[in-house]
Each structure stands twice: as structure tokens, then as C-alpha cells.
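Architecture and fold: a report
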Amino acid sequence: YSYQVIKHLRDYLTESQVRLYVRKKLRFRQGRLIFVYPEIDFSLPPNWELCGIWAPRFWTQLGLSLQMLFRPVETLFVPAHTLPLIGGKRNVVTVHGLEYEVSPESYGFWERLYMRYSIRYSCWKADTVIAVSENTKKDLIKLYDVAEEKIQVVYEGFAGQNQQISNFKFQISKPYLLFIGRLEERKNVSRIIETFELLKERYAIPHQLVLVGKTGYGYQSVKCKMQNAKFKDDIQELGYVTNKEKGQLLANASVFVFPSLYEGFGLPILEAQSYGIPVVTSCLSSLPEVGGEGVLYADPYNPTDIADKLYQALTLTDEAKIVLQEKMKTNLKQFSWESCAQSIASSF
């Protein structure tokens with residue numbers, strides 16, 4: 001999100017002086033200590049200045065605050081939740097969702113505590129709060145009592161995918177259902193496994209279940225569910241994959257299953273739609289808002305309902321699949337990084 005927004009803001013911040021703050025790291029090279037800046041694979045306009053900040057801990061609250069104290073700015077934009085204690089004259093922050101409030105069982109105590117108070121503070125301090133969905137806006141008003149007039153809804157963008165897929169590297173011998181996301185309770189992975197068991201038992205589908213992503217909070221219960229599953233031999237856990245590998249998996253999947261309990265936005269749905277594969281997702285939070293009409297929705301707490309929707313997706317006629325794919329294409333047109341950056345720039 002930060003990368004794409006900053007990259008596209010270059011087209012809209014052409015008049016003002018812009019200071020881009022990045023984390024510089026201390027490294028030992030050729031017998032001496034030097035500062036190393038992150039690589040940026042796009043050029044910065046002449047009116048943009050790159051400013052490196054080093055801080056071993058508390059980069060935002062210490063390093064960025066000191067910059068604001070000694071080199072104040074008119075407007076500070078933070079694209080990821082947390083404003084520093086010392087900000088600009090105006091402050092704009094993006095809040096990506098309040099998952100930890102809606103699904104607290106999926107987060108550790110200290111993680112919940114930090115996010116709760118840092119984001120509450122950011123919403124209080126900010127002049128404008130960018131919410132990535134209408135659902136996130138509603139949650140900010142309901143849970144944190146943020147004034148509606150200071151919230152601006154700006155959808156995330158979607159850059160599309162490279163459809164040139166070749167050399168499928170994975171050892172998957174059967175058609176498969178695909179999940180991509182962190183393997184944790186909030187993503188509802190345990191119920192995905194329950195749903196897969198139901199599909200196998202009721203409809204004798206030949207498919208495998210492929211789970212892709214890093215492990216997250218509550219992974220042990222997910223792993224236990226996998227190990228004890230009746231059809232565990234048909235469940236593959238691939239861990240983290242590259243973007244290219246993710247594209248290969250999406251392009252060859254029968255259905256993308258994503259019945260998450262809560263999402264601030266839900267980018268994986270758009271990724272799956274870009275490959276034209278049927279999507280079964282949750283009817284809760286922002287997911288209907290993002291998926292539009294080109295998705296099948298299920299109750300994420302009901303494995304039977306998820307299984308019914310997945311079987312419906314697996315048995316679509318060719319004609320029904322074409323209609324669904326047209327709806328996907330229409331939906332994808334709503335989301336662009338150009339529009340996202342332009343809307344954010346207008347809030348400055």
C-alpha cells in the first residue's frame with residue numbers, strides 16, 4: 001500500500017516541496033559502519049527530497065517525532081496506522097482496519113493493546129483519517145467515536161496481474177481449492193479445513209486443498225486441524241510464495257476460498273478476480289464491498305454454507321462462468337492506484 005501510494009503520488013504532488021521519510025539502517029561494511037537506505041525502484045521528482053531516519057527502536061515515535069520537532073512540515077501523511085507524538089501542522093493517516101477489535105481472539109494481548117491505543121491516538125490527532133472501506137469507516141465511528149466528517153473513504157488500488165503463466169513448479173497432481181493469506185484464526189483457516197472435509201464426504205470431489213501463506217496467531221490449532229483431518233493427504237501447506245508463484249497458483253486453481261472473519265479491505269479477492277477464477281468469500285466486514293457481484297458469499301461461521309457455495313462454484317456451467325467473469329472485470333475497474341493517490345492528495 002505504502003509503495004503504490006507513494007509511487008503514484010508523484011503525479012499529483014507536483015507543486016509543493018515533498019519530503020519522503022524512509023528508515024535508514026546501520027550496517028558494517030568494509031571495516032566501517034555506514035548508513036544504508038532502502039532501494040527505491042522509481043525516480044523521485046525534483047521537488048521531492050529523500051530523508052533517512054535512523055532509530056534502533058520506536059522509529060515513528062522517536063525518529064519521526066524528532067524530525068517534526070526540528071524540521072516541521074505543513075502536512076504529514078502516514079500510510080500505516082500510527083502517527084508520531086509530534087506531528088505536522090496538519091496530519092493525515094490511513095487506517096486499514098480494526099481486525100484486532102472485531103476478532104480479538106486472533107491477536108496476542110500486547111499486540112491488541114498497542115494497536116488499540118496507537119490507532120485511537122492517531123484518529124484523535126489526525127485532521128483527516130483515510131479509511132480503506134466504508135466498513136472500516138463505520139467501525140471507526142462505532143468503536144472509536146471518530147467524527148464522521150473527518151473520515152474520508154479511499155479504496156485501495158489494484159495494479160492487475162501478469163497473465164503470462166508458464167512452468168507451473170508445484171507438485172499438485174489434482175485440481176485444487178486455493179486459500180492465500182496468513183494461516184491464522186482470523187482468516188478462518190480451521191473452518192476452511194472443516195469445509196473441505198464436508199465437500200469430500202458429501203460430494204466426493206477430487207480436489208486438493210492448497211493453503212498458501214505465512215503462519216500467524218493461532219497457527220497451532222490450524223496445524224492440529226490439518227493433522228487430524230480425515231483427508232489430510234489431500235491438504236497441502238505451501239508456506240510463503242513469491243508474487244510470480246502466487247500468480248501461477250491462482251491461474252490454475254478451480255476456486256479461490258477466502259471466508260475471513262474480518263478484513264479492512266480484502267485485496268486477495270481482487271487478485272483472484274483478475275485471473276477469472278470463481279471466488280467464495282465471507283458475507284461480513286468489507287468483503288462484499290470489495291468483491292461486488294462477481295463473488296459467491298457465505299456465512300464464515302457456517303462450514304455447511306461455505307461448502308454449499310464452494311460446490312456451487314465448482315459446478316458452474318460454462319455460460320454461468322462467463323457471466324461471473326464479466327462481473328469480475330466490471331468490479332476490478334473500481335480499484336486503481338491512480339484514483340487512490342489522487343483522492344489522498346486531495347485531502348492534503
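Coordinates for the structure precede this section.
Read on for a plain summary of the structure.

About the cut-offs
Residues numbered from 1 in each chain as written. Predicted model: local features only at pLDDT ≥ 70, side-chain atom pairs only at ≥ 80, totals over all residues. Heavy atoms only, no water. Patch = residues over 30% accessible without salt bridge, like charges linked within 9 Å, V, L, I, M, F, W, Y side chains within 5 Å. Areas by Shrake-Rupley, 256 points an atom, 1.4 Å probe, with all protein chains shown as cover. Salt bridge = Lys/Arg side-chain N within 4 Å of Asp/Glu carboxyl O. Lys, Arg positive; Asp, Glu negative; His and termini not counted. Charge placed at Lys NZ, Arg CZ, Asp CG, Glu CD. Helix = DSSP H or I, 4+ residues; strand = E, 2+ residues; numbered from the N terminus. Buried < 20%, exposed > 50% of the residue type's maximum accessible area, 1.4 Å probe, protein only. Disulfide = S-S within 2.5 Å. Pairing = 2+ DSSP bridges. Axes fitted to C-alpha atoms, helices over the stretch in contact; angles between N-to-C directions. Contact = heavy atoms within 4.5 Å. Polar contact = N/O pair within 3.5 Å; in protein donor to acceptor, adjacent residues only side chain to side chain. Right-handed = clockwise from strand over helix to strand, strands pointing away.

Taken together, R23, K25, R27 and R29 make up a surface patch of like positive charges. Tallying contributions element by element places strand β2 (residues 25–29) first for the positive patch, with 3 residues. Tracing the backbone through its elements, the reader meets K25 in strand β2.

A word on unusual backbone geometry. Most peptide bonds are trans, and most residues other than glycine sit at a negative phi. At F58, a residue that is not glycine, the phi angle is positive and equals roughly 55°. Structurally, the position occupied by F58 is in the loop between β4 (48–53) and α2 (59–70). Here the phi dihedral of N188 falls at roughly 70°; this positive angle occurs in a residue that is not glycine. Mapped onto the elements, N188 comes out in the loop between β9 (176–180) and α6 (189–203). Note on N188: relative accessible area 3%, which makes it buried.

On to the side chain of E197, then. Of note, E197 is situated in helix α6. Although buried, E197 forms no salt bridge, and the nearest oppositely charged side chain, K230, lies 7.3 Å from it.

Moving on to the state of the cysteines. Counting across every chain of the model gives 0 disulfides. No disulfide involves C123; its nearest neighbouring cysteine sulfur is the one of C340, lying 17 Å away. On the basis of relative accessible area, C123 is assigned to the buried category, the value being 4%.

One open sheet accounts for 6 strands, arranged β11-β10-β9-β12-β13-β14; its pairing is parallel. Because the sheet does not close on itself, it has two edges, and the strands there are β11 (235–239) and β14 (296–298). Averaged over all neighbouring strand pairs, the angle between strand axes comes to 25°, with direction disregarded. As judged from the 2 bridges shared by β9 and strand β12 (residues 255–258), these two strands associate in the parallel manner. Among the inter-strand pairings, L178 is bridged to a residue of β12, identified as F256. Against the sheet, helix α8 (residues 243–252) makes contact with β9, β10 (208–212), β11 and β12, and its axis sits at roughly 140° relative to β9, the strand it touches most.

The next point concerns the side chain of E263. With respect to the element layout, E263 can be found in the loop between β12 and α9 (267–274). Here the side chain of E263 touches R186 through a polar contact of 3.3 Å, side chain to side chain. Aside from chain neighbours lying at most four places away, what touches E263 is E99, N135, R186, K187, F258, S285, S286 and L287.

The subject of this paragraph is the environment of A126. Within the secondary structure, A126 sits in the loop between α4 (109–125) and β7 (128–131). With 33 residues separating them in the primary sequence, A126 and V93 have C-alpha atoms 6.5 Å apart. Discounting chain neighbours no more than four positions away, the residues touching A126 are L83, N91, V93 and K150.

For β10, the tally of buried residues reaches 5 of 5 residues, placing the bulk of the element in the interior. Neither face of β10 is left uncovered, since the one carrying Q208, V210 and V212 and the one carrying L209 and L211 both have all their residues buried. For β9 and β10, the ladder comprises 5 bridges, and the chain directions are parallel. Across the sheet, I180 pairs through a bridge with V212, a residue of β10. In terms of handedness, the path from β9 via α6 over to β10 forms a crossover that is right-handed. Two elements, β10 and β11, share 4 bridges in a ladder whose sense is parallel. From the neighbouring strand, V212 faces β11, where its bridge partner is G239.

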